[in-house]
Amino acid sequence: MARRARRAHYPAPFAIVDLWRRHGANPKTGYEAEAQSVARLVCTPTSRNLVRVFFLQERMKGLVGRDIPTVGHVHVVGAGVMGGDIAAWCAQRGFTVTLQDRGEEYLRPALERAQAFFEKRNRVPGKAAQSLARLSADAEGRGVERADVVIEAIFESVDAKRSCMRGSSHG
């Protein structure tokens, strides 16, 4: 089970195994322990996020066959690992992408990772260069003006978010 899921992301299967180890099929202690375990699991941020993901997936299923607005330009705020990888993924799939962060020193590593990603993924000559050409650094945040979608991927710190948004003349 540990190979298929991380306890932090999917705690319920691990809780079931823990309950079984401690109580087996003993109804005298097992039922009460199970109720307490479920109550603890339901009231966690992980549980709320899993429920949210479920409803988002259900909503996406309802969009099949409908006209979905076209997206041409994605602006990603935050060039850390997550933001940089989101930007690279979008550029790889044909979107024009601007990647914003506080300065070039934060953008450079993301662009280098993106280039390595493009070179690994694109075996057709010239495809990596095309993907890289769709991705541009944007320390000033000017790309947000023409973006169809803006993705905020800044490290979960209020101070970091404020710093990046203040650094933008458009944030």
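Numbering of residues starts from 1 in every chain and runs along the sequence as written. Selection of residues for local features in this predicted model requires a pLDDT of at least 70, selection of side-chain atom pairs for listing and counting requires 80 or more, and totals for whole chains, interfaces and linings are taken over all residues. Only heavy atoms go into the side-chain values, all of them from the structure, while hydrogens and water stay out.

### Considering the confidence of the model for the protein chain
1) Next: pLDDT measures how confident the predictor is about each residue, on a scale from 0 to 100. Mean pLDDT over the protein chain works out to 87, with 88% of the residues at or above the 70 mark.
2) Next: Confidence scores differ between elements of the protein chain, with helix H7 (residues 158-167) showing the lowest mean pLDDT of 59 and strand E3 (residues 135-137) the highest of 97. Numbering of helices and strands runs from the N terminus, with a helix taken as a DSSP run of H or I at least four residues long and a strand as a DSSP run of E at least two residues long.

### Quick notes on the layout of surface pockets
1) Next: Its boundaries defined by the atoms lining it, the largest pocket holds a volume of some 260 Å³.
2) Next: Site definitions follow a grid-based scheme: protein atoms alone, a 1 Å grid, a 1.4 Å probe that fits but cannot get out for cavities, and for pockets an open set with protein on both sides within 12 Å along at least five of seven lines, plus lining residues having an atom within 4 Å of a point. Around the largest pocket, the lining is made up of 16 residues, and of these Leu19, Trp20, Gly24, Gly30 and Glu34 lie nearest the centre.
3) Next: Only helix H1 (11-23) and helix H2 (27-42) provide two or more residues apiece to the lining of the largest pocket.
4) Next: In terms of residue count, the dominant contributor to the lining of the largest pocket is H2 (7 residues). Grid points are joined across faces, edges and corners, and a volume is the space filled by probe spheres set on the points.

### Details of the pairing of strand E1 (residues 73-77)
1) Next: The buried label goes to any residue with under 20% of its type's maximum accessible area, the exposed label to any with over 50%, and the partly exposed label to all in between, with areas taken from a 1.4 Å probe on protein chains only. Counting buried positions along E1 yields 5 of 5 residues, so the element is predominantly enclosed.
2) Next: Both faces of E1 are covered, namely the face carrying His73, His75 and Val77 and the face carrying Val74 and Val76.
3) Next: Classification remark: right-handed applies to a crossover when, strands pointing away from the viewer, the course from the first strand over the helix to the second runs clockwise. For the segment spanning E1, helix H4 (residues 81-92) and strand E2 (residues 96-100), crossover handedness is right-handed.
4) Next: Strands were regarded as paired on the criterion that DSSP finds at least two bridges between them. Pairing between E1 and strand E4 (residues 149-152): 4 bridges, direction parallel.

### What about helix H5 (residues 104-121)?
The α-helix winds at 3.6 residues per turn, so residues separated by three or four positions along the chain end up facing the same way.
1) Next: By definition here, a helix of n residues has an expected span of 1.5 Å times n minus one. With 18 residues, H5 ought to run about 26 Å at 1.5 Å a step, and its terminal C-alpha atoms sit 25 Å apart, in line with that.
2) Next: Of the positions making up H5, those classed as buried are Leu107, Ala110, Ala114 and Phe118. Along the axis of H5, the buried positions cluster into a sector of 80 degrees, meaning they face one direction only.
3) Next: Only heavy atoms enter the contact rule, under which two residues are in contact if any of them lie within 4.5 Å. Contact partners of the buried residues in H5: H4, E2, helix H6 (127-133) and E3. In this description, the arc belongs to the directions extending from the helix axis to the C-beta atoms.

### Details of the packing of aromatic side chains
In this description, a pair of aromatic rings is defined by centroid distance and the angle of the planes.
1) Next: Ring pairs shown here join Phe, Tyr and Trp side chains whose ring centres sit within 6.5 Å, with only the six-membered ring taken for Trp; geometry is labelled stacked below 30 degrees between planes, edge-to-face above 60, and tilted in between. Throughout the structure, instances matching the rule amount to 2 aromatic pairs.
2) Next: Note on phenylalanine 54 and phenylalanine 55: the rings are 5.3 Å apart at their centroids and 70 degrees apart in plane angle, and the pair reads as edge-to-face.
3) Next: Taking the relative accessible area as the measure of exposure, phenylalanine 54 reaches 42% and is therefore partly exposed.
4) Next: With a relative accessible area of 54%, phenylalanine 55 lands in the exposed category.

### Remarks on the sheet that holds E4
1) Next: If you walk across this open sheet you meet the 4 strands as E3-E2-E1-E4, and the pairing is parallel. Edge positions in the sheet fall to E3 and E4, since each has one partner strand and no second. Strand-to-strand twist of the sheet, defined as the mean angle between neighbouring strand axes without regard to direction, takes the value 20 degrees.
2) Next: Of the strands in this sheet, E2 and E3 touch H5, which is tilted by about 165 degrees from E3. Angular values range over 0 to 180 degrees, each being the angle between N-to-C directions of two axes fitted as lines to C-alpha atoms, with helices fitted over their stretch in contact.

### Structural notes on the nonpolar core
1) Next: Formed by 17 residues in total, the largest nonpolar core has its most connected members in Val76, Ala87, Val97, Leu99, Phe118 and Leu135.
2) Next: Elements that contribute at least two residues to this core include exactly E1, H4, E2 and H5. Definition of nonpolar core: a set of buried residues of the types Ala, Val, Leu, Ile, Met, Phe, Trp, Tyr and Cys, connected through side-chain atoms within 4.5 Å.

### A short note on the pattern of salt bridges
1) Next: We define a salt bridge as a contact between a side-chain nitrogen of Lys or Arg and a carboxyl oxygen of Asp or Glu at a distance within 4 Å. Under the defined criterion, the tally for this structure stands at 4 salt bridges.
2) Next: Among the salt bridges present, the one from aspartate 101 reaches arginine 102, with a minimum N-O distance of 3.6 Å.
3) Next: By relative accessible area, aspartate 101 is classed as buried at 9%.
4) Next: Since its relative accessible area comes to 41%, arginine 102 is described here as partly exposed.

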